[in-house]
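Residue-level structural notes
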Protein chains: 4
Amino acid sequence: MSGSELKADLWINEYITSWDIYTHGVTKVLAYQQTPYQEMYIVETGAFGKGLVLDGKWQSCTVDEFIYHEALVHPALIAHQNPQRVLVLGGGEGATIREILRWNTVEKVMMIDIDGQVVEACKQHLPEMHQNAFEDPRVELVIADALKVLDTTEETWDIIISDLSDPIESGPSFPLFTKEYFTKLKRVLNPGGYVMVQAGPISPPEVGDHARLVSTLKAVFDEVTSLSAPTPSYGRSWGFALCSDVAINTKPQPELVDKLLSDKTKGGYRFIDGITLLGILQTPLYIRKAIAEETTVYTLKEPPKFFGTGAMS
Amino acid sequence: MSGSELKADLWINEYITSWDIYTHGVTKVLAYQQTPYQEMYIVETGAFGKGLVLDGKWQSCTVDEFIYHEALVHPALIAHQNPQRVLVLGGGEGATIREILRWNTVEKVMMIDIDGQVVEACKQHLPEMHQNAFEDPRVELVIADALKVLDTTEETWDIIISDLSDPIESGPSFPLFTKEYFTKLKRVLNPGGYVMVQAGPISPPEVGDHARLVSTLKAVFDEVTSLSAPTPSYGRSWGFALCSDVAINTKPQPELVDKLLSDKTKGGYRFIDGITLLGILQTPLYIRKAIAEETTVYTLKEPPKFFGTGAMS
Amino acid sequence: MSGSELKADLWINEYITSWDIYTHGVTKVLAYQQTPYQEMYIVETGAFGKGLVLDGKWQSCTVDEFIYHEALVHPALIAHQNPQRVLVLGGGEGATIREILRWNTVEKVMMIDIDGQVVEACKQHLPEMHQNAFEDPRVELVIADALKVLDTTEETWDIIISDLSDPIESGPSFPLFTKEYFTKLKRVLNPGGYVMVQAGPISPPEVGDHARLVSTLKAVFDEVTSLSAPTPSYGRSWGFALCSDVAINTKPQPELVDKLLSDKTKGGYRFIDGITLLGILQTPLYIRKAIAEETTVYTLKEPPKFFGTGAMS
Amino acid sequence: MSGSELKADLWINEYITSWDIYTHGVTKVLAYQQTPYQEMYIVETGAFGKGLVLDGKWQSCTVDEFIYHEALVHPALIAHQNPQRVLVLGGGEGATIREILRWNTVEKVMMIDIDGQVVEACKQHLPEMHQNAFEDPRVELVIADALKVLDTTEETWDIIISDLSDPIESGPSFPLFTKEYFTKLKRVLNPGGYVMVQAGPISPPEVGDHARLVSTLKAVFDEVTSLSAPTPSYGRSWGFALCSDVAINTKPQPELVDKLLSDKTKGGYRFIDGITLLGILQTPLYIRKAIAEETTVYTLKEPPKFFGTGAMS
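Rules and cut-offs
- Position numbers for residues count from 1 along each chain, tracking the sequence in the order it is written.
- As they are written, the chains are lettered A onward and the ligands numbered 1 onward, keeping that order.
- Totals for whole chains, interfaces and linings use every residue, but because this is a predicted model, local features are given only for residues with pLDDT of at least 70 and side-chain atom pairs only at 80 or more, for both listing and counting.
- Water and hydrogen atoms play no part in the side-chain values, which are based on all heavy atoms of the structure.
- Think of it in three bands: residues with accessible area under 20% of the maximum for their type are buried, residues over 50% are exposed, and the middle band is partly exposed, with areas taken using a 1.4 Å probe on protein chains only.
- For the purposes of this entry, the term helix denotes a DSSP run of H or I that reaches at least four residues, the term strand denotes a run of E that reaches at least two, and both are numbered from the N terminus.
- Here the arc refers to the directions that run from the helix axis out to each C-beta atom.
- Any two residues whose heavy atoms approach within 4.5 Å are treated as being in contact.
- The quantity reported as buried area is the accessible area (1.4 Å probe) lost by two parts once they are put together, taken as the sum for both.
- The term salt bridge refers to a pairing of a side-chain nitrogen on Lys or Arg with a carboxyl oxygen on Asp or Glu at a separation within 4 Å.
- Here a polar contact is recorded for every N or O atom pair within 3.5 Å, except that within protein the pair must consist of a potential hydrogen donor and a potential acceptor, and residues adjacent in sequence are included only if both atoms are side-chain atoms.
- In this count, Pro and Cys sit with the nonpolar residues alongside Ala, Val, Leu, Ile, Met, Phe, Trp and Tyr, while Asp, Glu, Lys and Arg are called charged and the others, Gly among them, polar.
- A residue counts toward the fit only if its pLDDT is at least 70 in both copies, and the copies are then superposed by least squares on the C-alpha atoms of those residues.
- UniProt positions are given in the numbering used here, feature names are shortened, and annotations may be inferred rather than shown by experiment.
- Axis geometry follows a simple rule: fit a line to the C-alpha atoms, using only the stretch in contact for helices, then measure angles between N-to-C directions, giving values from 0 to 180 degrees.
- In this scheme, roughly parallel covers angles under 35 degrees and roughly antiparallel covers those over 145, while 65 to 115 is roughly perpendicular and the rest are oblique.
- In this scheme, a crossing is called left-handed if the near helix is turned counterclockwise away from the far one by less than a right angle; it is called right-handed if the turn is clockwise.
- Classification of ring pairs uses Phe, Tyr and Trp, with its six-membered ring standing for Trp, and accepts pairs whose centres are within 6.5 Å; under 30 degrees between planes counts as stacked, over 60 as edge-to-face, and the remaining range as tilted.
- Comment: the charge-over-ring label is applied if NZ (Lys) or CZ (Arg) is within 6 Å of the ring centre and within 35 degrees of the ring normal.
- Here, any two strands with at least 2 DSSP bridges between them count as paired.
- As used throughout, domain bounds are those supplied by an automatic or database domain assignment.

Residues and elements named next belong to chain A. Listed as buried for helix H3 (residues 116-125) are Val118, Val119, Ala121, Cys122 and His125. End-on, the buried residues of H3 take up no more than an arc of 165°, which puts them together on one face. Summarising the contacts, the buried residues of H3 are in contact with strand S2 (20-34), strand S3 (39-45), strand S4 (50-54), strand S7 (108-113), helix H4 (127-130) and strand S8 (139-143).

Set out below in structure tokens:
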């Protein structure tokens, strides 16, 4: 409002739509790189701590990333109850594997990210996010094109977390929100396993994108549940899709979840617990309606196109 | 991101903090007024439909206001199960009373708003919001200072909805988030009644404001529950506080809620139903923690001060 | 800089290039119209008074328009010394004809503007600009396509002022900065007459546009002089081109100019006088160099394309 | 205008007034430092090349700095005709001394800048600006508070160039636009010498600041002439004041100036020459009027306060 006192000179604008801009005031630019795959900034913001920005889109900020990463990781692992082998696609900051490593049942985490330069920069500049997760002996980091690894690997997984940047044109994740990609994930999923996919914003002007991703996943998996979490540094809440060929319990008892987390993980949660999980599994009505009416299946020939453009071209 | 095509020349910046700006592209300015209490715009936005802006803060937009207003109104009425007399403080657009009027149990709604010029402008320019609610014979609109009405009225209410603009300095709602004000609400609340208060954003950088409001309410009411809903036109999710001197069921059975809504209301919901209600009642862990650690009680002497400044001075 | 206190919520962004944005804080929107030719705002700004914005570009503001309009009009009339018949192309606000009418030698002014709705809105909302110039009996206002009028008219003129909006794609002035258009102007120019053309910004990143316009004019007129004036509401200085088939004196004696203005005009100048005129006729070196190296001639087939897009399509 | 395609994600906003923002799109942040005196960025912009930003204000950009620096330096040296000893206050980028060193008459240049960290960063990141001027044996760089040096030095100078950042509160130049400071300059000026002062923007909303500086200088020097140059990366034209106790020729013959520059300097100018100099010496009428009406004299007790705030506090 009028009379507002601004505290920054340097700003990063995220163009959410052609009509919506979320602007973060920046106090310091820690790293800038044009990698072969994307344009990267790591900055200090005034309100959200340090943040990673790829192709102009905020990936995560230290002040609120716990919401995104705890919501992304634990619902699938809790659903499985005894996760041992976990595959992560994307997840450059290392916060996704950090959350997985809380589980003492986990024996192996493979993280595949296409952009080694981004991973290196995060290792160096964002220790708050990875918390040395990359050093954990259970972790194998593979810098490669996920599509190629998925085609050749013989390893299989209890849990797969698809933590990719959004599918923008000329961005590295453009083909990775398609039926073909999700089918490859299913091939390497163990029976009784779960897949969790970051699945776009759920704001009313954009909920169609989320619904189409869920619809695409339903073409591959028997069970798909939409979840969401309040992620303010993105300027709106974010959607996820939990997928499996076994039933997904959307009314887990909070007390049992809390006991499971207490028994099998090292704790320290800030977002997730039994109550929060019960909450985020209750998909709001307008999202359920959008999903129910949706029939689109994204394919490599007709992939999703989120607002924006990447640096590859 | 780079290469983004913008579609507006006229923009409204909402200064969320000194470091965060949410900018809405505007396609048309429908009304502008400097009232005795605040500066008002009613505009058409590119992404969120028509919106009302007071003192530089978005109050509601036609594309996503259903989330805010259904979350604000129905949890209290559902908790009560048989609401007959409802008092609304603020609520200029008329969308709050529109939601209340869905209930066929309701016999009387009194809406008290200080700013008659804003209400008139909304009546004229935002028919999508009020949907002629002001014409309903059950509604009594009182243009007055809520504090004065509350001091003198003999009427009492089953439900009170405090739908005020944020407590910014030199704004009309500045004294209305205090122990004194909430105590006045309690005086006119029927036994077994419920009060619902819009209670600020719940994003991590701002959750302290919400926690302090909840703490203040706990100094007045026996039971206070924090809720939130994903309200993208504000750039983050919004918090509410449901208060009562009787117990609040935070695990309502969705089927029973759906039956109640079906029996006693005319329906047409887009956000609320049994599942959504169960979800929003599960306060995320970090909010519960912030509330648990908070002891501040806001008073007229030390009221809350949200970021920004109003036009009164 | 950090700590800056902003006083507006509503802002108009002018996109100067893909990398430069000049943002004016708006205090009131006086008029908005989508005409058949362009999108129009008339607003009150915080720093520059009332302003006219067409297709997202500032046309003029009451606080600094005197610089633009006095620089646009008087150099040609002073050069002529006895202007009687003046033709204006464009000039919707009426400030251009206001300046011309200062001259008591002037017997007839014809103003041709394509957009009658913009002219009407300016008449109503910008009296500071036109100062009732439209009521002067010497003025004939013609709402028409300049190209068509120029093809059929038998009238000829001592002075022609081309006060058009910039040549942006899908804007109304797109074909009007070409050799063909300037040739039509020359056909209706009396012997010894002068043509003045608003000719784009002269900032180093954009000076090529100005140089190409001057080069195009040189293909039509024997003498062309580049001038510029400091026009802050455009975010940079603006260029003009004074054209004739007779010699142009670029070192006029200030005292003689002042005497001419005193004898033949009603005075009241804020920008122009003998000294100022001498100054703006001394084209800075980098502009002279850019012009000297330029050979482009804009034609209807290959017209100039300034940054931006108009509303016609 | 609507439909504009933006090419940056990172932006630096310069707050010109509470109502005017000039935003430069940034492609790379080359250096960031919080020095004891100010906050510094050196960045690559999309349109204006590399630029130095101090306390949120653009100091100079490689694409248009030639306009500022040639206008700042040469008018005084040309007026003197045989400058041998030149003192520079401020001028961190080294472009001011670069211009002075064009003169083969110059034997000694002393540059006093308070902020050695800014000078170092410019040496490293802005070779286009200094062009190794710091290595010239005629140059003595003194990192010190100008006020203290001026109080103690016994050296005197033919020319003094005051190339300071603007007088913003808590900025390092805050006391340096006062009668006391200018009096100190005069003490070390040789008879027949000239002082040139960067003297703020000349846009109509800000011309009062410029007029007050000129008025202050008139309280110290017998002759003061206002000049200005079109400096687009500041979003408006910039003013200077040329001061002396001997007469200042404001109508120099271009041919004589060109001969002087050809005889005594190594050339390579892009902005200044005889014609340009004649032009910029013709102060526009509204500036002359503002100066004529102004009587303020800034003193240490009542110094000028430009819009903004520095990082010292």
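Additional details are given in the paragraphs that follow.
This part is about the interface of chain A and chain B. Chain A puts 61 residues into the contact, and the matching count from chain B is 61 residues. For the pair chain A and chain B, the summed buried surface comes to about 4900 Å²; carbon and sulfur atoms form 67% of the total. Counting across the interface, chain A meets chain B through two salt bridges. When the shortest N-O distance is used, the salt bridge between Asp273 of chain B and Arg288 of chain A registers 2.9 Å. Taken together, chain A and chain B are joined by 19 residue pairs in polar contact (both at pLDDT 80 or more). Residue assignment for the side of chain A that touches chain B shows that the elements contributing at least two residues are strand S1 (10-17), S2, helix H1 (65-80), helix H9 (274-280), helix H10 (285-292) and strand S14 (306-309) of chain A. The element best represented in the side of chain A that touches chain B is S2 of chain A, accounting for seven residues. Split by residue class, the side of chain A that touches chain B holds 29 nonpolar, 20 polar and 12 charged.

So, about the relation of the copies chain A and chain B. Superposing chain A onto chain B takes a rotation of 180° combined with a translation of 0.0 Å along the rotation axis, leaving an RMSD of 0.0 Å. Such a combination of rotation and displacement between the chain copies is what one expects of a two-fold axis. Taken together, the interface assignments show that 100% of the residues at the interface of chain A recur at the interface of chain B, consistent with an identical surface on both copies.

Our focus in this paragraph is the UniProt feature "binding site: spermidine" (unreviewed entry) in chain A. All names here are of chain A. UniProt's entry tags His69 and Glu93 with the feature "binding site: spermidine" (unreviewed entry), counted in the numbering of this structure. Of the residues just listed, which span 25 residues, no C-alpha pair is farther apart than 10.5 Å, and they cluster in one region. Residue class for His69 comes out buried when judged on its relative accessible area of 0%. Discounting chain neighbours no more than four positions away, the residues touching His69 are Ser60, Glu93, Ala95, Thr96, Arg98, Glu99 and Asp163. In this structure the side chain of His69 is engaged in a polar contact, spanning 2.7 Å, whose partner is the side chain of Glu65. Note on placement: Glu93 falls in the loop between strand S6 (85-90) and helix H2 (95-100). Beyond its immediate chain neighbours, meaning those up to four positions away, Glu93 contacts Leu52, Gln59, Ser60, His69, Cys122, Met129, His130 and Phe134.

With that settled, the discussion passes to the packing of helix H7 (residues 207-218) of chain B against helix H10 (residues 285-292) of chain B. All names here are of chain B. Viewed as axis vectors pointing N to C, H7 and H10 meet at an angle of 55°, and their least axial separation amounts to 8 Å. Relative to H10, the element H7 is oriented oblique. The way H7 lies across H10 gives a crossing that is right-handed. Where H7 abuts H10, its residues Val207, His210, Ala211, Val214 and Lys218 lie against Tyr286, Ile287, Ala290 and Ile291. For the contact of H7 with H10, the class distribution of residues is seven nonpolar, one polar and one charged.

For the structure on display, the rule yields 26 aromatic pairs over all chains. Judged by centre distance (5.4 Å) and plane angle (80°), the ring pair of Phe66 of chain C and Tyr286 of chain D falls under edge-to-face. Taken as a pair, Phe66 of chain C in helix H1 (residues 65-80) and Tyr286 of chain D in helix H10 (residues 285-292) lie in two separate chains rather than in one. Aromatic side chains Tyr68 of chain D and Tyr234 of chain D sit 6.0 Å apart centroid to centroid with 80° between the ring planes, which places their arrangement in the edge-to-face category. Linking Tyr68 of chain D in helix H1 (residues 65-80) with Tyr234 of chain D in the loop between strand S12 (223-229) and strand S13 (238-244), this pair joins segments that are 166 residues apart in sequence. Residue Tyr68 of chain D shares its accessibility class with Tyr234 of chain D, and that shared class is buried. Through a chain of ring-to-ring contacts, three or more aromatic side chains come together here, namely Tyr68, Tyr234, Trp238 and Phe240 of chain A. Its end group placed over the ring of Phe66 of chain D, Arg270 of chain D keeps NZ or CZ at 4.0 Å from the ring centre.

If you look at the interface, chain A gives 17 residues, while chain D gives 17 residues. Counting each side, the surface lost to burial between chain A and chain D is near 1500 Å², with a carbon and sulfur contribution of 57%. On the surface where chain A and chain D come into contact, there are zero salt bridges. Counting the contacts that link chain A with chain D gives nine residue pairs in polar contact (both at pLDDT 80 or more). Looking at the side of chain A that touches chain D, the elements with two or more residues in it are S1, S2 and S3 of chain A. Grouping the constituent residues of the side of chain A that touches chain D by class yields 10 nonpolar, three polar and four charged. Relative to strand S1 (residues 10-17) of chain D, S1 of chain A runs antiparallel, the two sharing three bridges. Its bridge partner being in S1 of chain D, Trp11 of chain A is matched across the sheet by Trp11 of chain D.

Attention shifts here to the domain arrangement of chain A. Residue and element names in this part refer to chain A. Here chain A is partitioned into domain 1 (10-61) and domain 2 (65-309). A C-alpha centroid distance of 22 Å is found between domain 1 and domain 2. Taken together, the contacts link 27 residues of domain 1 with 28 residues of domain 2. Counting across the interface, domain 1 meets domain 2 through two salt bridges. Across the pair Asp166 and Lys57 runs a salt bridge, and its minimum N-O distance is 3.2 Å. Here domain 1 and domain 2 share 10 residue pairs in polar contact (both at pLDDT 80 or more) between them. Examining the composition of the side of domain 1 that touches domain 2, we find that six residues originate from one element, S2, more than from any other. Split into classes, the residues belonging to the side of domain 1 that touches domain 2 amount to 14 nonpolar, nine polar and four charged.

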